[in-house]
Amino acid sequence: MKTEPRLGVDFGRVIHGGLLPPGDDDTVFLDGSFEQALASPATEGVYEVLPGLIEVFGGRAWIISKCGQRVRRRTLAWLDHHDFYARTGLPRGNVRFCRKREEKAAICRELGITHMIDDRLDVHRAIRGIVPHGYLFGPGEGLAEGSGDDLEGVRHIPDWPSAELIVRDIPAEPGRSATRRSR
């Protein structure tokens, strides 16, 4: 049975708050006022690249984020405030949350995610064997060759313009070219 390509994208430090150095948090979003969180910007390049990726995946894309109830409310409000669904083509119901990073593996299995963009190596370790194409977003520390960490299938994408390489990893569907580039 052939699986349709499906994209998963983390929210914090990928869609929002990236490209922060590892270990840094987006303190405005996490600890600032609700108004400051809403006013905080998306990661540079997300609106130029993600809509094309979602289109190539035929709308089969989800935000998969680890957070508590307070940050969940802020995330959903931020997505609405920034007109994220209309600007990217992500279906409104395609946002999933979990309380622990390793729980992203169960969500990826349930949704049939084939390609996952996340900034955390521990998430990529958790989804190994479930998601065939992983993309470590951001600085990429810890993904060095010879590090002793077997993260086969995980590729480094330092920023959103680099995420266009994901298109090359999508198998062509009958009657459609897999070489379509994102906007």
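Novice: Is there a simple way to think about the state of the cysteines in this case?
Specialist: A full pass over the atoms with the stated rule returns zero disulfides. Here Cys-67 stays free of any disulfide, with the sulfur of Cys-98 as its closest cysteine sulfur at 7.8 Å. Classification of Cys-67 as buried rests on a relative accessible area of 9%.

Novice: Would you mind going over empty space enclosed by the protein with me for this structure?
Specialist: If a probe as big as a water molecule is rolled over the atoms, it shows which places are left empty. Per the counting criterion, the structure on display carries one cavity of 30 Å³ or more. Quantified by volume, the largest cavity comes out at close to 30 Å³. Forming the boundary of the largest cavity are Val-9, Ile-15, Leu-50, Ile-54, Ala-61, Trp-62, Ile-63 and Leu-90. Looking at the lining of the largest cavity, the elements with two or more residues in it are helix H3 (46–56) and strand E2 (61–66). The biggest single contributor to the lining of the largest cavity is E2, with three residues. Residues that form the lining of the largest cavity fall into these classes: eight nonpolar, no polar and no charged.

Novice: Would you mind showing me how to read the sheet that holds strand E6 (residues 154–157) here?
Specialist: As summarised here, the arrangement of the six strands in space is E3-E2-E1-E4-E5-E6, forming an open sheet in which the pairing is parallel. The open sheet has two edge strands, strand E3 (95–98) and E6, and neither has a second partner. Neighbour to neighbour, the strand axes of the sheet diverge by 25 degrees on average, direction disregarded. Judged from the three bridges that link them, strand E1 (residues 7–9) and strand E4 (residues 115–118) form a sheet pairing that is parallel. Following the sheet pairing, Leu-7 is matched in E4 by His-115.

Novice: Can you walk me through the pattern of salt bridges in this structure?
Specialist: Pairing between side chains of opposite charge can happen when the charged atoms of each approach one another. Counted under the stated rule, the structure contains 10 salt bridges. For Lys-104, the salt bridge identified is with Asp-118, shortest N-O distance 2.6 Å. You can see Lys-104 sitting in helix H6 (residues 104–111) and its partner Asp-118 sitting in strand E4, a full 14 residues away along the chain. The pair formed by Lys-104 and Asp-118 is uniform in burial state, with each residue classed as buried. One salt-bridge network, held together by shared partners, links Glu-4, Arg-6 and Arg-60.

Novice: Got a minute to help me understand the packing of aromatic side chains in this structure?
Specialist: Centre-to-centre distance and the angle between the planes together describe a pair of aromatic rings. Enumeration over the complete set of coordinates arrives at six aromatic pairs. Arranged with centres 5.7 Å apart and planes meeting at 50 degrees, the rings of Phe-11 and Phe-29 form a pair that is tilted. Residue Phe-11 is located in the loop between E1 and helix H1 (27–31), and its partner Phe-29 is located in helix H1; the two are separated by 18 residues in the primary sequence. A residue is classified by how much of its surface remains accessible, and Phe-11, at 3% relative accessible area, is buried. Ring geometry for Trp-78 against Phe-84: centres 6.3 Å apart, planes inclined by 50 degrees, an arrangement best described as tilted. Exposure remark for Phe-84: the relative accessible area of 1% places this residue in the buried category. Through a chain of ring-to-ring contacts, three or more aromatic side chains come together here, namely Phe-11, Phe-29, Tyr-47, Trp-78, Phe-84 and Tyr-85.

Novice: What should I look at first to understand the layout of surface pockets in this one?
Specialist: Volume-wise, the largest pocket comes out at about 370 Å³. Broken down by secondary-structure element, the contributors of at least two residues to the lining of the largest pocket are H1, E2 and helix H4 (69–81). Tallied by class, the residues present in the lining of the largest pocket amount to five nonpolar, six polar and nine charged.

About the criteria used
- Residues numbered from 1 in each chain as written.
- Predicted model: local features only at pLDDT ≥ 70, side-chain atom pairs only at ≥ 80, totals over all residues.
- Heavy atoms only, no water.
- Disulfide = S-S within 2.5 Å.
- Buried < 20%, exposed > 50% of the residue type's maximum accessible area, 1.4 Å probe, protein only.
- 1 Å grid on protein atoms, 1.4 Å probe; cavity = no way out; pocket = protein on both sides within 12 Å on 5 of 7 lines; lining within 4 Å.
- Points joined across faces, edges and corners; volume = space filled by probe spheres on them.
- Helix = DSSP H or I, 4+ residues; strand = E, 2+ residues; numbered from the N terminus.
- Nonpolar A, V, L, I, M, F, W, Y, C, P; charged D, E, K, R; others polar.
- Pairing = 2+ DSSP bridges.
- Axes fitted to C-alpha atoms, helices over the stretch in contact; angles between N-to-C directions.
- Salt bridge = Lys/Arg side-chain N within 4 Å of Asp/Glu carboxyl O.
- Phe/Tyr/Trp six-rings, centres within 6.5 Å; stacked < 30°, edge-to-face > 60°.

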